[in-house]
Amino acid sequence: MKHLRSLREFIAELEKVGDIQSIDKQVDWNLELGAIARRSYELRAPAPLFTHITGDQDGFRVLAAPGGLSAIPNMTYARIALALGLPANAKGADIVTSLADARTRAPIPPRVLPTGPCKQNIMRGDDIDLLRFPTPLVHDGDGGRYIQTYGLNIARTPDGAWTNWSINRMMLVDRNRLACLIPPPQHLGIIKAQWEKRGEPMPIAVALGVEPALPYVGGMPLPEGADESHYLGAYFGEPLDVVRAETVDLLVPATAEIVIEGHVSHTDNYEEGPMGEYPGYLDRRSGLPRPVLHVSAVTYRDNAILPVAVAGAPVEEDHTGWGMPHAAEMTHVLRQANLPVAACWGVLESANHWWVVAVKPDWHERTGLSSQDLAQRVGEAVFGAGKLAFGIPKLLLIEDDIDIADPRQVIWAFASRAHPEHGEVHFANEPQNILPVYLDSHEQLSYHATKVVYNCLIADRFAAGERPVPSDFAHSWPTDIQEKVLANWSTYGYSIQGT
Ligand SMILES: Cc1cc2nc3c(=O)[nH]c(=O)nc-3n(C[C@H](O)[C@H](O)[C@H](O)COP(=O)(O)O)c2cc1C
Ligand SMILES: [Mn+2]
């Protein structure tokens, strides 16, 4: 596994596989940059690296779509795979399994260095000016310019027992203030409540442009009390390099492009949002007064690179950087519950609404359960898993005779196997984030909603040997014929290849 230790090392790897596009023409931070990035996601074009942005005096740059998908054949997940130290042609299931496997390895705490590249430039006091960074106004209708879309918010409980690293968006207010989305059920919200109880603002460091695996760790729903940086150590088998922040008692990644330090107030609010978000919409109801972060220092590398995730319709970083680690945690939770899980997957094209739990087709013989009972147990295990469940509204329980990472196969299996009358198991009043647009205002205010498992299992409905066989290439021809056809594919005259 290749541990890339900075955003710049990651960019160099993307260059090697041709999955980055340097854009040297001057681009306006006001909507143009966001529109280019958005179109690049939709075409699965290389990630845009903007080198000339309007108003910039300092040689700052923006890397957008750092975790988007790629149109390069066999390299759909190149950005995610390389970020996580895997080969550029890794499959979706390999990525999820790699993250899930690290959950049972011993955590490794970070290594504290005396200094690092993130300290090359330091702004303090009256010198602080966040407006110098080329922060884009991404979508028409966003409440403001979002500087934090792909960085880590680092905060510690007042007793020092737990440090949490997570991604929550933050919007510029002015030169030294940010407005923060901190949902109370998220770990940052839990830690903020502890500081509020003490009557002290919450110290925080926001690390932007970090080594490429960290955002995936920040998007992973590890249990309360777990330090995501220790999990990163377990994942690579070696520690994350950190340095001390200047004005808050926190450790920050040594190679971060930009680190914003300060305190989150419990009394000052500023209208934050709306912003085009991961369900694929800009929902005007989501613009509300939210807590203000007062900045006490900013440190940054020379020619700093701000990473930008343009949230919205799939597939963007919420679906990859949050979706894949959530699928990994789901796999871990079901393995721990001794349920017959083969793999889990968040259907990227569903914008984090459909989550697949795949089981081996022999699950019925092995467990003796009915599909309804297994659906019930899987729902209880996933929806009862606290933090993980917050972003998981709908599960599809499917036998893995299909490729669960292929949305066409998932649609087919769901449509053809779930019974219209008794194919759904509902779970009422479960913890739920507030962003799906189908939620009503009561569900949003209470952070609770009904969830569902779609039972797409068929093994218990057919006697052994009677199971309907998928009439597809993989199942309806003998192996020797399949191999012959694959070997001769080009000689038949075809130029199109499979993935
Ligand atoms: C690119 C990206 C952006 C995200 N933005 C937000 C956000 O603005 N608000 C939020 O609550 N969660 C957001 N998330 C999801 C959280 O990071 C995720 O739920 C994570 O588990 C939260 O950390 P925690 O488990 O330590 O609370 C984002 C994830 C990613 C990958
Ligand atoms: Mn956490």
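The structure presented is a predicted model; accordingly, all values stated were derived computationally and were not measured. (Residues numbered from 1 in each chain as written. Chains lettered and ligands numbered in written order. Predicted model: local features only at pLDDT ≥ 70, side-chain atom pairs only at ≥ 80, totals over all residues.)

Novice: Mind showing me how you'd approach the overall build of the protein here?
Specialist: Tallying secondary structure elements over the protein gives 13 helices and 21 strands in all. Its C-alpha atoms give the protein a radius of gyration of 23 Å, within 12% of the compact-globule value 23 Å for 499 residues. Here the C-alpha coordinates of the protein stretch approximately 75 × 55 × 45 Å along the principal axes. The buried share of the protein, taken over its 499 residues, is 50%. (Helix = DSSP H or I, 4+ residues; strand = E, 2+ residues; numbered from the N terminus. Rg over C-alpha atoms; globule rule 2.2 N^0.38 Å. Buried ≥ 20, exposed ≤ 12 C-beta atoms within 10 Å, placed from the backbone.)

Novice: Sorry, what's going on with unusual backbone geometry here?
Specialist: Peptide bonds are trans in most cases, and residues, glycine excluded, mostly fall at negative phi. Cis geometry is adopted by the peptide bond preceding proline 274, which originates at glycine 273 and carries an omega value of 0 degrees. Along the chain, proline 274 falls in the loop between β14 (258-272) and β15 (288-300). The amide bond that connects proline 314 to the next residue, valine 315, takes the cis arrangement and shows omega of 15 degrees. If you trace the backbone, valine 315 turns up in the loop between β16 (305-308) and α8 (317-336). Not every positive phi belongs to a glycine, and alanine 65 is a case in point at roughly 55 degrees. By the C-beta count within 10 Å, which is 32 here, alanine 65 ends up buried.

Novice: Mind showing me how you'd approach the pairing of strand β9 (residues 170-174) here?
Specialist: Regular strands have side chains that alternate between both faces of the sheet. One ladder, built from two bridges, connects strand β6 (residues 146-148) with β9; its direction is antiparallel. By the bridge assignment, glutamine 148 is partnered in β9 with methionine 170. Pairing between β9 and strand β10 (residues 177-180): four bridges, direction antiparallel. Looking at β10, one finds that methionine 171 is bridged to alanine 179. Linking β9 back to β10 in an antiparallel pair, the connection comprises two residues. (Pairing = 2+ DSSP bridges.)

Novice: I'm lost on the sheet that holds strand β12 (residues 241-244) in this one. Help?
Specialist: Consider a sheet: its strands pair through backbone hydrogen bonds, and that pairing is either parallel or antiparallel. Pairing is mixed in the open sheet, where three strands are placed in the order β4-β12-β13. Here the strands that pair on one side only, and so sit at the sheet edges, are β4 (111-112) and β13 (251-253). The sheet contact formed by β12 and β13 spans three bridges and is antiparallel. Bridging across to β13, valine 243 finds its partner in valine 252.

Novice: Explain the site of ligand 1 here, please?
Specialist: Surveying the vicinity of ligand 1 reveals 23 residues, the closest of which are Ser166, Arg169, His187, Gly219 and Gly321. Where the shell around ligand 1 is concerned, the elements lending two or more residues are β8 (163-166), α5 (187-198), α6 (214-218) and α8. Ranked by the residues each element gives to the shell around ligand 1, the list is headed by α8, at four residues. (Near = placed C-beta within 6 Å.)

Novice: Teacher, can you tell me more about the nonpolar core here?
Specialist: Soluble, globular proteins show a tendency: their nonpolar side chains are buried together. Within the largest apolar cluster, 150 residues are counted, with the highest numbers of intra-cluster contacts made by Val252, Cys344, Val356, Val382 and Leu397. Looking at which domains feed residues into this core, each of domain 1 (7-308) and domain 2 (337-461) gives three or more. Other than its neighbours up to four places away in sequence, cysteine 344 contacts Val96, Ala327, Met330, Thr331, Leu334, Trp355, Val356 and Val357. (Core = buried A, V, L, I, M, F, W, Y, C linked by C-beta atoms within 7 Å. Domains from an automatic or database assignment. Contact = placed C-beta atoms within 7 Å.)

Novice: Explanation requested: the sheet that holds strand β1 (residues 20-23) in the structure shown.
Specialist: Overall, mixed pairing links the four strands, which are arranged β1-β2-β3-β16 in an open sheet. The open sheet has two free edges, formed respectively by β1 and β16, since each of these has just one partner strand. Looking at each pair of strands side by side, their axes are set apart by 20 degrees on average, direction ignored. As paired elements, β1 and strand β2 (residues 47-50) share four bridges and run parallel to each other. For glutamine 21, the partnering residue across the bridge sits in β2 and is proline 48. Across the sheet, helix α1 (residues 7-17) lies against β1, β2, β3 (61-64) and β16, angled at about 105 degrees from β1, the strand it touches most. (Axes fitted to C-alpha atoms, helices over the stretch in contact; angles between N-to-C directions.)

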